[in-house]
Amino acid sequence: MEREKALAVVEKAITKQRYQHTLGVMETAISLAKRYGADVKKAELAAIFHDYAKFRPKDEMRKIIIEQNMPKDLLEYNTELWHAPVGAYLVEKEVGISDKEILDAIRYHTSGRENMTLLEKVIYLADYIEPGRSFPGVDEVRELAQKDLNEALVQSISNTIAFLMKKKQPIYPETFKTYNALVMKN
Ligand code: DGI
Ligand code: FE
Ligand code: FE
Ligand code: FE
């Protein structure tokens, strides 16, 4: 699918502000893909659609998680986690993208997972460091992203976990698994 077509589709599904974020993720993902040798076209499409389901009604997302046999523990954790796997499902069903690598990059963009592919890492990181983000510590991750993809990823996941813990939010086990897998490899 061409970029312009993809952007037109996603623009209708999300808010203006989220669309600006999406453009930032797209540019950042393309640049990271070039730097680290990921498929640039797949990175572009995965970035464009990564937050496709962000504004779906919770009831619709809950139904899809149950009916499509997605991990049931998702339902016990923050609803913010849902748009990633539900997005992968809807992008295939409604947009017609069937490339598994692209769909997995969408599916795991919020929690990550053990043994992430290069494309999944690129999308996870692009989502965290796109120019519109202003998390504490994001500039450090931006600098790391120029040097070492895995180092940058560890730092971004560590920041996210620390942020959630500070707010006394539950941490989805997959998020911890992602973190452990990355630090145990280093
Ligand atoms: O959709 P975005 O805002 O671009 O970013 P995202 O999909 O990476 O994350 C969405 C939200 O999910 C963000 O506010 C942090 C939250 N989140 C990520 N991992 C976990 C989590 N929330 C909980 N409770 N547990 C997690 O493991
Ligand atoms: Fe997201
Ligand atoms: Fe993220
Ligand atoms: Fe995002």
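The residue numbers shown here count from 1 along each chain, following its written sequence. A letter from A marks each chain and a number from 1 marks each ligand, given out in the order of writing. Owing to the predicted nature of the model, reporting of local features is limited to residues with pLDDT of at least 70; listing and counting of side-chain atom pairs is limited to 80 or more, with chain, interface and lining totals taken over all residues. Side-chain metrics in this entry use all non-hydrogen atoms of the structure; hydrogen atoms and water are not considered.

Undergrad: Please explain the pattern of salt bridges as it appears in this structure.
TA: Think of it this way: side chains of opposite charge can pair up when their charged atoms draw near. What makes a salt bridge here is a side-chain nitrogen of Lys or Arg within 4 Å of a carboxyl oxygen of Asp or Glu, nothing more. Scanning all chains against the criterion turns up 17 salt bridges. When the shortest N-O distance is used, the salt bridge between Glu44 and Arg3 registers 2.9 Å. Of this pair, Glu44 sits in helix H3 (residues 40–49) while Arg3 sits in helix H1 (residues 3–13), placing them 41 residues apart in sequence. Its relative accessible area of 26% is what places Arg3 among the partly exposed residues. For Asp104, the salt bridge is made with Arg107, and the minimal N-O distance between the two is 3.1 Å. Here Arg107 and Asp104 lie together in helix H6 (residues 100–107), a separation of three residues that amounts to about one turn. Helical segments are the DSSP runs of H or I of at least four residues, strand segments are the runs of E of at least two, and each set is numbered from the N terminus. Burial classes: relative accessible area under 20% of the type maximum marks a residue as buried, over 50% as exposed, and values in between as partly exposed (1.4 Å probe, protein chains only).

Undergrad: Looking at this model, I keep getting lost on the coordination of the iron ion (ligand 2). Mind explaining?
TA: Around a metal, the ideal angle is 109.5 degrees if four donors adopt a tetrahedral arrangement and 90 or 180 degrees if six donors adopt an octahedral arrangement. Surrounding the iron ion (ligand 2) are the protein donor atoms Asp51 (OD), His83 (NE2) and His109 (NE2), which sit 2.1 Å from the metal. In this listing, donors mean N, O and S atoms no farther than 2.8 Å from the metal, or 3.2 Å for Na, K and Ca; water is missing from the atoms, so a site can look incomplete. Of note, the iron ion (ligand 2) draws all its donor residues from one chain, in the sequence arrangement D-x31-H-x25-H. The distance between the iron ion (ligand 2) and the iron ion (ligand 3) comes to 5.6 Å. Placement of the pair is Asp51 in the loop between H3 and helix H4 (58–67) and His83 in helix H5 (residues 83–95), with a sequence separation of 32 residues.

Undergrad: Teacher, can you tell me more about the side chain of Glu130 here?
TA: Assignment of secondary structure puts Glu130 in the loop between helix H7 (118–129) and helix H8 (138–147). Salt bridges are absent for the buried Glu130, whose nearest opposite-charge side chain, Arg133, sits at 4.5 Å. At 2.7 Å, the side chain of Glu130 forms a polar contact with the side chain of His21. Polar contacts involving the side chain of Glu130 include one to the main-chain amide nitrogen of Gly132, which spans 2.8 Å. Throughout, a residue-residue contact means that at least one pair of heavy atoms, one from each residue, lies within 4.5 Å. Filtering out sequence-adjacent residues up to four positions away, Glu130 remains in contact with His21, Gly24, Val25, Thr28 and Arg142. For the purpose of counting charges, residues Lys and Arg are taken to be positive, whereas Asp and Glu are taken to be negative. His and the chain ends are not included. Whenever a nitrogen or oxygen atom comes within 3.5 Å of another N or O atom, the pair is scored as a polar contact, on the condition that within protein one atom can donate a hydrogen and the other can accept it, and that pairs from neighbouring residues in sequence are kept only if both atoms are in side chains.

Undergrad: Is there a simple way to think about the environment of Ala6 in this case?
TA: As for its placement among the helices and strands, Ala6 is situated in helix H1. Overall, the relative accessible area of 0% leaves Ala6 in the buried class. As for Ala6 and Leu45, which are separated by 39 residues in sequence, their C-alpha atoms are 7.3 Å apart.

Undergrad: What is the right way to look at helix H9 (residues 149–166) in this model?
TA: Since the α-helix turns once every 3.6 residues, residues separated by three or four places project in the same direction. Taking 1.5 Å as the rise per residue, H9 with 18 residues should run 26 Å; its terminal C-alpha atoms sit 26 Å apart, in good agreement. Along H9, the residues that are buried comprise Leu149, Ala152, Leu153, Val154, Ser156, Ile157, Asn159, Ile161 and Leu164. Looking at the buried side of H9, the elements it contacts are helix H2 (16–36), H7, H8 and helix H10 (173–185). For H9, the capping residue at the N-terminal end is Asp148, with a side-chain oxygen 3.0 Å from the backbone nitrogen of Asn150. Of the residues trailing H9, Lys168 is marked for its positive phi of about 55 degrees. Here the expected length of a helix is defined as 1.5 Å per residue gap, with one fewer gap than residues.

Undergrad: In this structure, what is going on with the UniProt feature "domain: HD" (unreviewed entry) in the protein chain? I would like to understand it.
TA: UniProt positions are given in the numbering used here, feature names are shortened, and annotations may be inferred rather than shown by experiment. Under the local residue numbering, the UniProt record ascribes the feature "domain: HD" (unreviewed entry) to residues 18–132. Along residues 18–132 the backbone is 63% helical and 0% strand, and the end-to-end C-alpha distance reaches 10 Å.

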